[in-house]
Amino acid sequence: MTNLLKGVNLYLIGMMGVGKTTVGKLLAEKIGYRFIDTDELITKVAGKSINEIFAQNGETEFRQLESNVLAQVCSYTKLIIATGGGIVTQQYNWSYLHHGLIVWLDAPIPILLERLAEDHTRPLLQDSDPEAKLRNLLEQRQPLYSQADLHITIQATETPEEIATHILKTIPNVIKGE
Ligand SMILES: Nc1ncnc2c1ncn2[C@@H]1O[C@H](COP(=O)(O)OP(=O)(O)O)[C@@H](O)[C@H]1O
Ligand SMILES: O=C(O)C1=C[C@@H](OP(=O)(O)O)[C@@H](O)[C@H](O)C1
Ligand SMILES: [Mg+2]
């Protein structure tokens, strides 16, 4: 797999709660790549949590930090990059994402809701109706996510390990120029 990818980065995109961070770590272990999470880098750069950035600086500034971090990481190779769910909403981010192979992790809303039911770290979901919020975000983002190179549909019972294996099995079908 490492030979096939030739150092090309993998970018995981998709909705909050789909498992980008969890599966990304496993993928990196499996193929000997480094793992990077854009949210984690943003909190390091800003010196505060995602919640604090949204509350104190607003989403616009968060998106700017996210783009800056993405621009930095895409100059490296052999990375698995778990992005934040909204990275696709900034058109110019696509010029960075297209440096690598873009993998869309896609799961139905009820699965996302169940996983995020007790979560307080995603400011966009601290809403009186998180289900409606997720539906609304997905409606806006689905056409953007669908620009990925690889679309992985996740079943409710699939473990992170199974999803990582599924992705690795599917990559040879979409390697650019192969
Ligand atoms: N395949 C899975 N099966 C069950 N729970 C999962 C799975 N993938 C992720 N999770 C859980 O769902 C939550 C969100 O996962 P996370 O990796 O943070 O998603 P994302 O980075 O896409 O927002 C976490 O609590 C994680 O442990
Ligand atoms: O969907 C979004 O707009 C967001 C997703 C989050 O990351 P995850 O997708 O890893 O939860 C994080 O970047 C921020 O809370 C905004
Ligand atoms: Mg994440």
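Bear in mind that the values here come from a model prediction, so they are computed numbers and not experimental data.

Cut-off values and rules
- Residues numbered from 1 in each chain as written.
- Chains lettered and ligands numbered in written order.
- Predicted model: local features only at pLDDT ≥ 70, side-chain atom pairs only at ≥ 80, totals over all residues.
- Heavy atoms only, no water.
- Core = buried A, V, L, I, M, F, W, Y, C linked by side-chain atoms within 4.5 Å.
- Buried < 20%, exposed > 50% of the residue type's maximum accessible area, 1.4 Å probe, protein only.
- Contact = heavy atoms within 4.5 Å.
- Near = heavy atom within 4 Å.
- Polar contact = N/O pair within 3.5 Å; in protein donor to acceptor, adjacent residues only side chain to side chain.
- 1 Å grid on protein atoms, 1.4 Å probe; cavity = no way out; pocket = protein on both sides within 12 Å on 5 of 7 lines; lining within 4 Å.
- Sits in = over half its atoms within 2 Å of the grid points.
- Nonpolar A, V, L, I, M, F, W, Y, C, P; charged D, E, K, R; others polar.
- UniProt positions renumbered as here; feature names shortened; annotations may be inferred.
- Helix = DSSP H or I, 4+ residues; strand = E, 2+ residues; numbered from the N terminus.
- Phe/Tyr/Trp six-rings, centres within 6.5 Å; stacked < 30°, edge-to-face > 60°.

(A) Inspection of the nonpolar core at higher detail. Grouped together as the largest cluster of nonpolar side chains are 58 residues, with contacts concentrated most on Ile-13, Leu-27, Leu-105, Ile-167 and Ile-171. Ile-171 has contacts with Met-1, Leu-5, Leu-10, Leu-101 and Leu-150, leaving out every residue within four places of it along the chain.

(B) How the structure looks around the site of ligand 2. Taken together, the neighbourhood of ligand 2 is formed by 14 residues, with Lys-20, Asp-39, Arg-63, Arg-122 and Arg-141 sitting nearest. With respect to ligand 2, the backbone of Gly-86 contributes an N or O atom lying 3.4 Å from an oxygen atom. With respect to ligand 2, the side chain of Arg-141 contributes an N or O atom lying 2.7 Å from an oxygen atom. In a pocket analysis with a 2 Å cut-off to the grid points, ligand 2 is assigned to the largest pocket. Of the residues contributing to the shell around ligand 2, the split by class is 5 nonpolar, 4 polar and 5 charged.

(C) Molecular detail of the UniProt feature "binding site: Mg(2+)" (unreviewed entry) in the protein chain. Summarizing the sequence annotation, UniProt attributes the feature "binding site: Mg(2+)" (unreviewed entry) to Thr-21 in the numbering used throughout. With respect to the helices, strands and loops of the structure, Thr-21 is situated in helix H2 (residues 20-31). Here Thr-21 falls in the partly exposed class, since its relative accessible area comes to 31%. When residues no more than four places from it in sequence are discounted, the contact partners of Thr-21 are Phe-35, Asp-37 and Ala-82.

(D) Region of interest: the UniProt feature "binding site: substrate" (unreviewed entry) in the protein chain. Here the UniProt-annotated "binding site: substrate" (unreviewed entry) positions come out as Asp-39, Arg-63, Gly-85 and Arg-141. Of the residues annotated just before, the largest pocket has Asp-39, Arg-63, Gly-85 and Arg-141 among its lining. Positionally, Gly-85 belongs in the loop between strand E3 (79-82) and helix H6 (93-97). In this structure, Gly-85 is in contact with Gly-14, Lys-20, Arg-141 and Tyr-145, ignoring residues within four places of it in sequence. Here Arg-141 falls in the buried class, since its relative accessible area comes to 3%. In contact with Arg-141, other than residues within four places in its own chain, are Met-15, Arg-63, Gly-85, Gly-86, Val-88, Thr-89 and Leu-124.

(E) Spatial organisation of the packing of aromatic side chains. Counted under the stated rule, the structure contains 2 aromatic pairs. When the ring of Phe-54 is compared with that of Phe-62, the centres are 4.9 Å apart and the planes differ by 40°; the resulting orientation is tilted. Neither Phe-54 nor Phe-62 differs from the other in exposure class; each is buried. When the centroid spacing of 5.8 Å and the interplanar angle of 25° are considered together, the rings of Trp-104 and Tyr-145 count as stacked. Here the residue Trp-104 occupies a position in strand E4 (residues 101-106), and Tyr-145 occupies one in helix H8 (residues 130-145), the gap between them amounting to 41 residues. When its relative accessible area of 4% is taken as the criterion, Trp-104 is described as buried.

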